[in-house]
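Per-entry structural report
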Amino acid sequence: MPTGGNSSSADGRARLLFAVLTAGVVLALLLPATALDGAPSVCLVRAAGIPWCPGCGMSRALWHAAHLEFEVAFSYNWRVVVVAPILAALYLRLAARVVFR
């Protein structure tokens, strides 16, 4: 019984997402670990005038974690110890879906 176009469309989107994420990871690893350190904050919570945001520093923390600088990553946002493994697991799940289907 044919399944229709939804399955192949979802597979195509998964492949595209995987390709974009993989390119982003490779690019991030090619740039130096200090590339984001002096960059201005893009936190929308802080821009809205709220003084504290639990996610502030997470981009820099993930950046340094990707470069295996865990102490620096932890100094930007300690929640990286929870977020980084979750993001890695989601990426690996997507990779398995794309590679093994």
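To start, this report covers the structure provided alongside it. (Residues numbered from 1 in each chain as written. Predicted model: local features only at pLDDT ≥ 70, side-chain atom pairs only at ≥ 80, totals over all residues. Heavy atoms only, no water.)

As for the pattern of salt bridges
- A complete count under the given rule lists 1 salt bridge for this structure.
- A salt bridge links D11 to R97, with the shortest nitrogen-to-oxygen separation between them at 3.9 Å. In this pair, D11 sits in helix α1 (residues 6-30) while R97 sits in helix α5 (residues 80-99), placing the two residues 86 residues apart along the sequence.
- Taking relative accessible area as the criterion, R97 reaches 34% and is therefore assigned partly exposed. (Salt bridge = Lys/Arg side-chain N within 4 Å of Asp/Glu carboxyl O. Helix = DSSP H or I, 4+ residues; strand = E, 2+ residues; numbered from the N terminus. Buried < 20%, exposed > 50% of the residue type's maximum accessible area, 1.4 Å probe, protein only.)

Some details on the state of the cysteines
- Inspection of the entire model under this criterion finds 0 disulfides.
- Here C43 is not cross-linked by a disulfide; its sulfur's nearest cysteine counterpart is in C56, at 3.2 Å.
- The exposure class assigned to C43 is buried, which follows from its relative accessible area of 16%.
- The structure places no disulfide on C53, whose sulfur is separated from the nearest cysteine sulfur, that of C43, by 3.7 Å. (Disulfide = S-S within 2.5 Å.)

The analysis is restricted to geometry; functional conclusions fall outside its scope.
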